[in-house]
Amino acid sequence: MDKYKINEYLYRLNVVEYSAARKIIPKVLDISLNTFHNYRNIKIDSETDIPYGIIRKLEILFDVKRGDLENFQLKGKDLKTLIYSEKRK
């Protein structure tokens, strides 16, 4: 499974749109075509991430809400929990 839903949104396009998107998106993001393909194929268990600014631009390009490109949820403890758990040690 991919970490981001970039391919899912691209595959919803028709052939003409898909072909144009593959050329336009790297230009808009100011990245190489190869980097764009690498971003598309990051697997869910990978430590690799797409920079936040690029993700936001992709969300705007695909007209989706913040977080809609992610196939995962970050989990963790909030800061106060960490602070008070450290004080108890």
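Bear in mind the structure is a predicted one, so any value in this text is a computation, not a measurement.

## With respect to the side chain of Lys 3
For step 1, the next point in the chain: As for its position among the elements, Lys 3 is in the segment before α1 (6-10).
For step 2, the next point in the chain: For Lys 3, a relative accessible area of 6% corresponds to the buried category.
For step 3, the next point in the chain: A polar contact of 2.9 Å, which involves the side chain of Lys 3, links it to the side chain of Asp 49.

## Considerations on the packing of aromatic side chains
Where two aromatic rings form a pair, the distance of their centres and the angle of their planes describe that pair.
For step 1, the next point in the chain: Under the definition given, this model contains 3 aromatic pairs.
For step 2, the next point in the chain: Ring centres of Tyr 4 and Phe 72 lie 5.8 Å apart, and the angle between their planes is 80°; on these two criteria the pair is classed as edge-to-face. One end of the pair, Tyr 4, is in the segment before α1; the other, Phe 72, is in the loop between α4 (52-61) and α5 (79-88), and 68 residues separate them in sequence.
For step 3, the next point in the chain: A relative accessible area of 4% places Tyr 4 in the buried class.

## Some remarks on helix α3 (residues 33-40)
For step 1, the next point in the chain: Those residues of α3 not exposed but buried are Phe 36, Tyr 39 and Arg 40. Around the axis of α3, the buried residues are gathered within 100° of arc, so they sit on the same side.
For step 2, the next point in the chain: In this structure, the buried residues of α3 make contact with α1, α2 (15-29) and α4.

## Focus on the environment of Lys 43
For step 1, the next point in the chain: Along the chain, Lys 43 turns up in the loop between α3 and α4.
For step 2, the next point in the chain: When the C-alpha positions of Lys 43 and Tyr 4 are compared, they lie 8.0 Å apart, and in sequence the two are 39 residues distant.
For step 3, the next point in the chain: For Lys 43, the residues in contact, after removing those within four places along its chain, are Met 1, Asp 2 and Lys 3.
For step 4, the next point in the chain: Here the side chain of Lys 43 touches Asp 2 through a polar contact of 2.8 Å, side chain to side chain.

Criteria and thresholds
Here the residue numbers are simple positions, counted from 1 along each chain's written sequence. Confidence filtering applies because this is a predicted model: local features only for residues at pLDDT of at least 70, side-chain atom pairs given and counted only at 80 or more, and all residues used for totals across whole chains, interfaces and linings. Side-chain numbers come from the whole structure's heavy atoms, not from hydrogens or water. Runs of H or I in DSSP of at least four residues are treated as helices and runs of E of at least two as strands, each being numbered from the N terminus. Residue exposure (1.4 Å probe, protein chains only): buried if accessible area is under 20% of the type maximum, exposed if over 50%, otherwise partly exposed. Here a polar contact is taken to be a pair of N or O atoms separated by no more than 3.5 Å, where protein atoms must pair a possible hydrogen donor with a possible acceptor and residues adjacent in sequence count only if both atoms sit in side chains. What counts as a ring pair is set by centres within 6.5 Å for rings of Phe, Tyr and Trp (its six-membered ring), and what kind of pair is set by the plane angle: stacked under 30 degrees, edge-to-face over 60, tilted for all other angles. By construction, the arc corresponds to the directions joining the helix axis to the C-beta atoms. Any pair of residues with heavy atoms lying within 4.5 Å of one another is described as a contacting pair.

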